[in-house]
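Listed here are the chains, written in short residue letters.
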Amino acid sequence: MKGELEKKKVKTIKVNLDKCIGCRACEVACSAFHAKPKYSSINPARSRIRMVIDLLNDEYVPIRASEYTKSECNGRQVYTINEKEYSECSFCGASCPARDIFKEPDSGLPLKCDMCEDEKEPLCVQVCRAGALIYEEREEEVEEDVKLGDMETGLKSLVDKHGLQKIADTVARMSQKG
Ligand code: SF4
Ligand code: SF4
């Protein structure tokens, strides 16, 4: 869905792969920040940034969760950068059925990076002592996307999986029980 043109703050996190040491502090901080209540638990499986690590290939790629997708790609991409070949899907942030990351471990619902909402600097950037994550903000005139929040994204994935009628019937049944 597209909206009006408007000025908005664009937030980016640049990744310097040469600096990442695979310490996974970013995963810890993100999962703690998004725990409910905040900082009440740490579980990297709930993190919206995950490390793709291949020790033999000296590969360390921090990747942030992007959109949920109900089906996997028909073909995979493999990138070679500076003569190093990165494993399949290394740079993809999709919450996708082909892999386990970016799904809430208890519910299976998709996770998505929210840039830590109103934090001055995202938590993953704050804790990255190696300086592999660099946060930047800029103003841009963009066509505003109507973004789905966590709840809409979760509902959409449930509807894709079970069908709208089944979800509606379940909600009706639950509301009758109070
Ligand atoms: S905190 Fe920084 S150095 Fe550590 S794994 Fe994450 S991106 Fe890499
Ligand atoms: S910006 Fe915030 S929500 Fe996104 S991966 Fe980093 S810590 Fe997690």
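Scroll up to find the structure.
The model shown is predicted, which means the values in this text are computed figures rather than measured ones.

Draft legend 1. Examining the overall build of the chain more closely. Scanning the chain for helices and strands turns up 4 helices and 6 strands. In the chain, buried positions account for 31% of the 178 residues. For the chain, the accessible surface area stands at approximately 12000 Å², while carbon and sulfur atoms represent 51% of it. Charge-centre separation for the chain: the mean point of 29 positive side chains lies 4 Å from the mean point of 32 negative side chains.

Draft legend 2. Structural context of the site of ligand 1. Every residue lining ligand 1 is accounted for by Cys20, Ile21, Gly22, Cys23, Arg24, Ala25, Cys26, Met51, Pro62, Cys128, Ala130 and Leu133. When its residues are assigned to classes, the shell around ligand 1 shows 10 nonpolar, 1 polar and 1 charged.

Draft legend 3. Molecular detail of unusual backbone geometry. Geometrically, the link from Lys36 to Pro37 is a cis peptide bond, its omega value of -10 degrees lying close to zero. Topologically, Pro37 is positioned in the loop between α1 (25-33) and β2 (49-54). Phi is positive for Glu83, which is not a glycine, with a value near 70 degrees. By the secondary structure assignment, Glu83 is in the loop between β4 (80-81) and β5 (84-85). The backbone phi angle of Met115 is positive, close to 60 degrees, even though this residue is not glycine. Mapped onto the elements of the fold, Met115 is located in the loop between β5 and α2 (123-127).

Draft legend 4. View of the side chain of Ser157. Tracing the chain through its elements places Ser157 in helix α3 (residues 150-162). Residue classification places Ser157 among the buried positions, given a relative accessible area of 9%. Those residues in contact with Ser157 that lie beyond four places of it in its chain are Tyr68, Leu109 and Pro110.

Draft legend 5. Main features of the pattern of salt bridges. Counted under the stated rule, the structure contains 11 salt bridges. As a salt-bridge pair, Arg24 and Glu27 come within 2.7 Å of each other at their nearest N and O atoms. Of the residues examined, Arg24 reaches a relative accessible area of 34% and is grouped as partly exposed. Of the residues examined, Glu27 reaches a relative accessible area of 1% and is grouped as buried.

Parameters and conventions
- Residues numbered from 1 in each chain as written.
- Chains lettered and ligands numbered in written order.
- Predicted model: local features only at pLDDT ≥ 70, side-chain atom pairs only at ≥ 80, totals over all residues.
- Heavy atoms only, no water.
- Helix = DSSP H or I, 4+ residues; strand = E, 2+ residues; numbered from the N terminus.
- Buried < 20%, exposed > 50% of the residue type's maximum accessible area, 1.4 Å probe, protein only.
- Areas by Shrake-Rupley, 256 points an atom, 1.4 Å probe, with all protein chains shown as cover.
- Lys, Arg positive; Asp, Glu negative; His and termini not counted.
- Charge placed at Lys NZ, Arg CZ, Asp CG, Glu CD.
- Near = heavy atom within 4 Å.
- Nonpolar A, V, L, I, M, F, W, Y, C, P; charged D, E, K, R; others polar.
- Contact = heavy atoms within 4.5 Å.
- Salt bridge = Lys/Arg side-chain N within 4 Å of Asp/Glu carboxyl O.

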